[in-house]
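Observations on chain architecture
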Amino acid sequence: MCIGLLLVNLATVVLLYLLARKRFPAPAAAAAAAGFAILSSGWSVMGMWSHATHFVMLPAVAGLLLLLHWNDHRKTAALIAAGVLLGLSILMKQHGVFFVAFAGACILPQRRWK
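This section reports on the structure supplied with the text. On a predicted model such as this, the values are computed, not experimentally measured, just so you know.

1. Quick word on a nonpolar patch on the surface
Taken together, Ile 3, Leu 6 and Leu 7 make up a surface patch of nonpolar side chains, about 300 Å² in accessible area. Along the chain, the position of Leu 6 falls in helix H1 (residues 3–21). Judged by its relative accessible area of 39%, Leu 6 is partly exposed.

2. Some points on the nonpolar core
In this structure, Leu 15, Leu 16, Leu 19, Val 61, Leu 64, Leu 67 and Ala 103 are the most contacted members of the largest nonpolar core, which totals 17 residues. For this core, the secondary-structure elements that each account for two or more residues are H1, helix H2 (26–40), helix H3 (52–73) and helix H4 (76–92). Here the element with the most residues in this core is H3; it accounts for 7 residues. When residues no more than four places from it in sequence are discounted, the contact partners of Leu 19 are Val 61, Leu 64, Leu 65 and Leu 68.

3. Here we look at the packing of H3 against H4
Relative placement of two packed helices is described by the angle separating their axes and the distance separating the axes. Contact geometry of H3 with H4 gives a least axis separation of 8 Å together with a crossing angle of 165 degrees. One element, H3, and the other, H4, form an angle in the roughly antiparallel class. For the pair H3 and H4, the crossing hand works out as left-handed. Seen from H3, the contacting residues are Ala 52, Phe 55, Val 56, Pro 59, Ala 60, Ala 62, Gly 63, Leu 64, Leu 66, Leu 67, His 69 and Trp 70; seen from H4, they are Ala 78, Leu 79, Ala 81, Ala 82, Leu 85, Leu 86, Leu 88, Ser 89 and Met 92.

4. Points about unusual backbone geometry
Excluding glycine, residues mostly carry a negative phi; peptide bonds, for their part, are mostly trans. The phi dihedral of Arg 74 is positive, around 55 degrees, even though this residue is not glycine. As for its position among the elements, Arg 74 is in the loop between H3 and H4. Arg 74 gets classed as partly exposed once you look at its relative accessible area, which sits at 37%.

5. Some points on H3
Over its 22 residues, H3 extends 32 Å from the first C-alpha to the last, a length consistent with the 32 Å expected when each residue adds 1.5 Å. Listed in full, the buried residues belonging to H3 are His 54, Val 56, Pro 59, Ala 60, Val 61, Ala 62, Gly 63, Leu 64, Leu 65, Leu 67, Leu 68 and Trp 70. Elements in contact with the buried residues of H3: H1, H2, H4 and helix H5 (97–107). Two residues or fewer after H3 comes Arg 74, characterised by a positive phi angle close to 55 degrees.

Calculation rules
- Residues numbered from 1 in each chain as written.
- Predicted model: local features only at pLDDT ≥ 70, side-chain atom pairs only at ≥ 80, totals over all residues.
- Heavy atoms only, no water.
- Patch = residues over 30% accessible without salt bridge, like charges linked within 9 Å, V, L, I, M, F, W, Y side chains within 5 Å.
- Areas by Shrake-Rupley, 256 points an atom, 1.4 Å probe, with all protein chains shown as cover.
- Salt bridge = Lys/Arg side-chain N within 4 Å of Asp/Glu carboxyl O.
- Helix = DSSP H or I, 4+ residues; strand = E, 2+ residues; numbered from the N terminus.
- Buried < 20%, exposed > 50% of the residue type's maximum accessible area, 1.4 Å probe, protein only.
- Core = buried A, V, L, I, M, F, W, Y, C linked by side-chain atoms within 4.5 Å.
- Contact = heavy atoms within 4.5 Å.
- Axes fitted to C-alpha atoms, helices over the stretch in contact; angles between N-to-C directions.
- Parallel < 35°, antiparallel > 145°, perpendicular 65-115°, else oblique.
- Left-handed = near helix turned anticlockwise from the far one by under 90°.
- Expected span 1.5 Å × (residues − 1).

Right, dumping it as structure tokens:
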């Protein structure tokens, strides 16, 4: 297994734990992170090889975490950084557009129309 893939997977697991921890109790967040760690290393998702799908998850999860941070604190820098990271997930693989659509669906109902 590639060292780079291990580091990216580890970073994604940590970010997924932090993302889940913002909305769920610690045991549920740990279960989500552990489930991702086990499933992402399986043969069916090419877990032993560095595939583009693994590298979509890191910026997508980081972007969603920053989007939650923006939702709590309303800091413009967090929203811009979330957009950049979610855009990076699209650059890694076009399937990242679904993370952007999910983020838009989460943010759209909260927008205050004047």
